[in-house]
Each structure stands twice: as C-alpha cells, then as structure tokens.
Number of protein chains: 4
Amino acid sequence: MFNINIMSDKPIYEQIIDSIKELSLKHILKPDDKLPSVRQMASMLSVNPNTVSKAYQELERQKIIYTVRGRGTFMSAYSERPIDYERLEKALEGLRNICVELVHLGYDKNKIYEEIDKIQLGIEGGIK
Amino acid sequence: MFNINIMSDKPIYEQIIDSIKELSLKHILKPDDKLPSVRQMASMLSVNPNTVSKAYQELERQKIIYTVRGRGTFMSAYSERPIDYERLEKALEGLRNICVELVHLGYDKNKIYEEIDKIQLGIEGGIK
Amino acid sequence: MFNINIMSDKPIYEQIIDSIKELSLKHILKPDDKLPSVRQMASMLSVNPNTVSKAYQELERQKIIYTVRGRGTFMSAYSERPIDYERLEKALEGLRNICVELVHLGYDKNKIYEEIDKIQLGIEGGIK
Amino acid sequence: MFNINIMSDKPIYEQIIDSIKELSLKHILKPDDKLPSVRQMASMLSVNPNTVSKAYQELERQKIIYTVRGRGTFMSAYSERPIDYERLEKALEGLRNICVELVHLGYDKNKIYEEIDKIQLGIEGGIK
DNA sequence: GTGGTCTAGACCACT
DNA sequence: GTGGTCTAGACCACG
C-alpha cells in the first residue's frame, strides 16, 4: 500500500504525500475515509512521527485531507480540492524534463505514450 | 539559450545539465561541438565556475560530453551514449509519478499527450 | 586507519575513497556500518568537508556506500555492489601498465606476486 | 605501435612515456635505436610538439633515452638505467590500489595472477 | 587558455 | 544532527 523507500532521493514526507494521492486516484481512499493517525502511520511505515506530520500538514494545505480536532484526519471531497496552478506548473516542468531524459535514453514519443498507457491512471472513472 | 532560475528548487547544476541535454535533443548542440569553457559558461550564467564544473563532470559521467585536457569540453557522438538502464528505470518511475500528479491536478491522458507534443523534442531527426 | 597524504599527487578525495574501499575489503568496515559524518571525517583528516563530501558522493555512485537523509552514511551490502565492467576494464589496463612499469624497475613476475601477497586483501573471507 | 588516446584521463605525455617503455620491454626498441624527432613524433601522433618534448625530457631524466646534439635521441643501454626507488614506491602503491579495486570488482588473488600471466611481459628474455 | 582540486565558510532541507 | 548545494577565490597540471 505504502511503498516508502528510505534510501530514495525523494524525501520520505513527499513519498507519503504521493502515496496518499495515488490511493485516492485509485479510489482506494474515498472522500471522508479516515486516515491512520500520525503515530499509527509512523509506526506502520517505521518512520519518524514528525515526518508523517509534515506530510499530513502539506496534504491539508493542499486541501487533499482535512482534520477534525479530536476525531482524526479524513480525505476531502474531490470538489474541495482546488487546482493549484503553481503545482501544475512544476508538474509540467517535471514532465518536460522526464521526456527529455527518456529521449536521451533512447525512447521516442510513441514509446513514451505506451508507457503512459501502461500506468492505468483510472482516468475513465476519473476525477472531475 | 540557457534559462537558469536561481530561485528554482532544482539545483543550478541540474538545470545546466538539463539545458544541455535539451539543446542536444533539439540539435542545437551537435556531436563534437565545443561547449563554452567552464569560466565562460559561469560568467554567462552568473554562477560560480564550480557549479558549472559540477554539471560538466556529471554530463561527462553520463557520456553526454567529453573533455580534452587543455582544450575544452565537447558534445559526444550520439552513439557514444549507452543506455543506462538504471537511469531509465528512475525516469520511468518519475514519469509515472508526474502523470499521477497531473491527473490529480485535473489533466487527463489526452491533455498529457498534448503537453508532450508541445515539448518538440526534435525526435523527427531522431537520435541514432 | 585513514592515511591521508596531503602532499601526494593523488587527490585527497581519491585517497579517502581508496581508504574506505580498503577498510571494507579488510572487513574493518562491514555492511550497514555507519561512516563518520562528513564533518567528523573532515576534522579527523584535517581536510575541508567538501572534499570528504566529494569522496562520499563518488562512493555512493559506485554503490559502495549509501546515505540516509538526515541520518548519515553507511556501508552497502556486498551484494548491492554490481560489477562495473567499464571500471573493470580500466583497472585491468592499469594493472597492465603497473606491471610493465615494475618490470622496467627490475621486478619479475614472482616479485610482483610477492607484493600482491603482502597486500593482505582479506580475500579469504571473500566478498559475496 | 603508439596508442595515444587523447580522451584518456592519463596525460598524453605520460602515454608517450609508457609506450616507449613498453616498446623497450618488448625489445622492439633496443639500446641505441634512434627515436623519431620531436616534430616527427608529434605529427605521427597528431599532438603538440611541446607534449612530445615533455615526454622526451622526462625519459631522459629517467635515463631511458639520451640525446646527442644535432644527431637525435636514442635508447639508453639497459645498464644505464638506475633503479629509481621513488618511482618504485609509487608503482607499488599503484599496484596496491589496483588490486583493491579489482577485488572490489569481484576478482580474487588467483584471477589477478591470471591477468598478470596474460600480460606477457617478456620477462624470460628479461631485463638484466 | 583549459579543466581539476581544494579551502573557507555559508545556507538549505530533511530527520 | 545529517548530507547537498553554492559562492568566492586559489593553485595546479596540461597543452
């Protein structure tokens, strides 16, 4: 479910964020589902609670989740989540760099398309 | 030519690396073309020579460029650049993450394809 | 433990790399052992932290060590270290040159063998 | 005969030195054989005459060759060549490092011995 | 002229 | 605390 790789170059808190986003996209985490508490999550993943906390804070900032004092943390409704143009810009920049890298590694446009097809983004049911 | 953004979260030396890779893909930098010297590039970009040097060394490690002592730094032949499966693996992983992110931000598969088309990778003349 | 000779023609960062490789071969540094932090090592050896950092980064690139962000740097498992055929090629070329040199300096094959025996590579317990 | 690799990390002048030493070891260059002039050698190898000159100067310093004004440069008699302990020390240090590297790359002592056997140092007819 | 190495000291993100 | 990045400025070997 959560594939955290402590040796990755990607910060652990970002890995947690991305994992939760991915579970959401795959409808494994649905609106108003309860997330594990910071401490539970931390021991599940064998990471420092601070790290989980940082991930949750960032997810809350992005309106992906919300917290209810004394009750816990929950997934937001899809409609709650605004388009974050800054993040979009960064993501497109990242896409651009990855494609340059892939072409350098011998890929052409069609092979890139094939890879994207493989990803199975669950777009059909998609987020609106 | 070189758009270096000192405020970006991406390290400057990586920006230089990516810029050179991109110029190569667009056939603006061709095999055996001479790159600006470390010092020239540094003053062009208003960065420290060490930073440029780090970028050049990494590019050389990746066989994108080669250096001739006392003469300068040059673009490698395309055929010199072997496929690095480890880098490929990481790039595909990155592609996957970016796509998940983009769908999260409201993109669907077709819009992603459109973005990739925009990049204009100079794939037509193709590598190799 | 670490014999760094600042007057040597060999770069300090390479001396550090070689020292760590040697300590590994002698099983003084074992998998998952923690290395001194960049700063500790730097003050131990009376060199600049950047120099140690460069050595550690190269060792990481070679999969001899791995770093865990915020925690430190550790020896890799032997099995993590893939055979790098390019480095092997270079090393064999180097061996060839050294032997030619040694013969030139009056050594014969048996004396070279003796020298290699002296090195005590800890091959008995062997890698892998 | 002379394999000069302009892209190698080894300085060109050292490559020339090693080539001449190797030709000597293989008795292709015998005592009192005439070497090409600096200019001839430079154009043969497509390198800067200064570079050849530097190689010849170093070889002369090591008593491997001698120059006769107006006549040219010649190989010394084997007996002329003193054992240079400083160089010997460096060579042994180099041997040690190469062996450590090779063991790191999966070699054991016997495989190293095999490699040395392959080199065919022409030791039988040997020097001295 | 070129790139490679090193120092001194700084700031940053991550844990 | 950790490693990663960057600047400023220096010295060196090579061609």
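Residues take numbers from 1 onward in each chain, read along the sequence in its written order. The naming scheme follows written order: chains are lettered A onward, ligands numbered 1 onward. For this predicted model, a pLDDT threshold of at least 70 governs which residues receive local features, and a threshold of 80 or more governs which side-chain atom pairs are given and counted, while totals over whole chains, interfaces and linings are taken from all residues. No hydrogens and no water enter the side-chain calculation; it runs on all heavy atoms of the structure.

The name given to chain A in an unreviewed UniProt entry is Transcriptional regulator, GntR family, with the source organism recorded as Tissierella praeacuta DSM 18095.

1. Notes on the confidence of the model for chain A
Do not read the fine detail of predicted coordinates wherever pLDDT is low. Residue and element names in this part refer to chain A. The criterion, for reference: What pLDDT reports is the predictor's confidence in each residue, on a scale of 0 through 100. The helix and strand labels rest on DSSP assignments: H or I over at least four residues marks a helix, E over at least two residues marks a strand, and numbering proceeds from the N terminus. By definition in these notes, contact holds between two residues if any of their heavy atoms fall within 4.5 Å.
Taken as a whole, chain A shows an average pLDDT of 86; of its residues, 94% reach a score of 70 or greater. No element of chain A has a lower mean pLDDT than helix α4 (residues 85-104), at 87, and none a higher one than strand β1 (residues 34-35), at 94. Here residues 123-128 scores under 50 on pLDDT; set against residues more than four positions off or in separate chains, the count is 6 contacts.

2. Some details on the pairing of strand β2 (residues 72-75) of chain C
All names here are of chain C. Basically, it comes down to this: Here a strand pair is declared whenever DSSP counts at least two bridges between the two strands.
In the sheet, strand β1 (residues 65-68) pairs with β2 via 4 bridges, with the strands oriented antiparallel. Opposite V68, over in β2, you have G72 as the bridge partner. Hairpin connection between β1 and β2: a loop of 3 residues separates the two successive antiparallel strands, and G70 in this loop has a positive phi of roughly 80°.

3. Here's the deal with the packing of aromatic side chains
Worth spelling out the cut-off: Note on ring pairs: Phe, Tyr and Trp rings are taken, using the six-membered ring of Trp, and paired if centres are within 6.5 Å. Classes follow the plane angle, with under 30 degrees stacked, over 60 edge-to-face and the rest tilted. Exposure classes here rest on a 1.4 Å probe applied to the protein chains alone. A residue is buried below 20% of its type maximum, exposed above 50%, and partly exposed in between. Should the NZ of a Lys or the CZ of an Arg lie within 6 Å of a ring centre and within 35 degrees of the ring normal, that charge is described as sitting over the ring.
Scanning the model with the defined rule gives 6 aromatic pairs over all chains in all. Consider the rings of Y66(C) and F74(C), whose centres lie 5.5 Å apart with planes at 25°: the pair is stacked. The pair Y66(C) / F74(C) is uniform in exposure class, with both members buried. In this arrangement the basic side chain of K111(A) is found over the ring face of Y107(A), its NZ or CZ atom lying 4.5 Å from the centre.

4. Points about the protein's contact with DNA strand E
For the record, the criterion: A molecule or strand has a residue near it when one of that residue's heavy atoms lies within 4 Å. Under the rule applied, a polar contact is a pair of N or O atoms within 3.5 Å (in protein, one hydrogen donor and one hydrogen acceptor; residues adjacent in sequence only if both atoms are side-chain atoms). Only Asp, Glu, Lys and Arg are considered charged in this grouping, and only Ala, Val, Leu, Ile, Met, Phe, Trp, Tyr, Cys and Pro are considered nonpolar; every other residue, Gly among them, is considered polar.
Taken together, 26 residues lie near DNA strand E, and V38(B), I12(C), N48(C), N50(C) and T51(C) sit nearest. Near-protein atoms of DNA strand E (within 4 Å) split between backbone and bases, with sugar and phosphate holding 69%. Taking V38(B), its main chain carries an N or O atom lying 2.8 Å from a phosphate oxygen of DNA strand E. Within the side chain of Y13(C), one N or O atom sits 2.8 Å away from a phosphate oxygen of DNA strand E. Secondary structure elements with two or more residues in the surface near DNA strand E: α1 (12-25) and α3 (49-61) of chain A, α2 (38-45), α3 (49-61) and β2 (72-75) of chain B together with α1 (12-25) and α3 (49-61) of chain C. Its residues placed into classes, the surface near DNA strand E shows 8 nonpolar, 12 polar and 6 charged.

5. Describing the interface of chain B and chain A
Stated precisely, the cut-off is as follows: Buried area is a sum: the accessible area each of two parts loses on coming together, probed at 1.4 Å, counted once for each and added. Here a salt bridge means any side-chain nitrogen of Lys or Arg lying within 4 Å of a carboxyl oxygen belonging to Asp or Glu.
Taken together, the 40 residues of chain B in the interface contact 40 residues of chain A. Overall, the association of chain B and chain A removes approximately 4100 Å² of surface from exposure, summing both partners, and the carbon and sulfur fraction of that is 71%. Considering only the side of chain B, the residues that lose the most area to chain A are L95(B), H104(B) and L105(B), jointly responsible for 16% of the buried surface there. For the pair chain B and chain A, the interface holds 8 salt bridges. Counting the contacts that link chain B with chain A gives 8 residue pairs in polar contact (both at pLDDT 80 or more). Elements with a minimum of two residues in the side of chain B that touches chain A: α1 (12-25), α4 (85-104) and α5 (109-119) of chain B. If you tally residues by element for the side of chain B that touches chain A, the top one is α4(B), at 15 residues.

6. Looking at the side chain of Q62(A)
As for its position among the elements, Q62(A) is in the loop between α3 and β2 (65-68). Those residues in contact with Q62(A), other than ones at most four positions away along the chain, are K21(A), P82(A) and R87(A).

7. Re the pattern of salt bridges
For the structure on display, the rule yields 36 salt bridges over all chains. Put simply, E22(B) and K26(B) hold a salt bridge, and the shortest N to O gap is 3.5 Å. The class of E22(B) is buried, set by a relative accessible area of 11%. K21(C) is the salt-bridge partner of E101(D), the closest N and O atoms lying 2.8 Å from each other. Here K21(C) lies in helix α1 and E101(D) lies in helix α4 (residues 85-104), a pairing that spans two chains. Classification of E101(D) as buried rests on a relative accessible area of 14%. Overall, the relative accessible area of 2% leaves K21(C) in the buried class. Salt bridges linked by common partners bring E93(A), R96(A), K10(B), D18(B), E22(B) and K26(B) together as one network.

8. What to know about unusual backbone geometry
All names here are of chain D. Phi is positive for D32, which is not a glycine, with a value near 70°. Along the polypeptide, D32 turns up in the loop between α1 (12-25) and β1 (34-35). Phi is positive for S46, close to 55°, though the residue is something other than glycine. With respect to the helices and strands, S46 occurs in the loop between α2 (38-45) and α3 (49-61).

9. Considering the domain arrangement of chain A
One frequently used descriptor of interface size is the decrease in accessible area upon assembly of the parts. As a reminder of what qualifies: These domain boundaries are the output of an automatic or database domain assignment.
In terms of domain boundaries, chain A breaks down into domain 1 (12-80) and domain 2 (85-125). For domain 1 of chain A and domain 2 of chain A, the distance between their C-alpha centres works out to 25 Å.

10. Some points on the protein's contact with DNA strand F
Every one of the 26 residues lining DNA strand F counts as a neighbour, but I12(B), N48(B), N50(B), T51(B) and V38(C) are closest to it. Within the side chain of T73(C), a nitrogen or oxygen atom sits 3.2 Å from a phosphate oxygen of DNA strand F. In the model, a phosphate oxygen of DNA strand F is placed 3.4 Å from a nitrogen or oxygen of the Y13(D) side chain. For the surface near DNA strand F, the secondary structure elements donating two or more residues are α1 and α3 of chain B, α2 (38-45), α3 and β2 of chain C together with α1 and α3 of chain D. A per-element tally of the surface near DNA strand F places α3(C) first, with 4 residues. Partitioned by chemical class, the residues of the surface near DNA strand F number 8 nonpolar, 12 polar and 6 charged.

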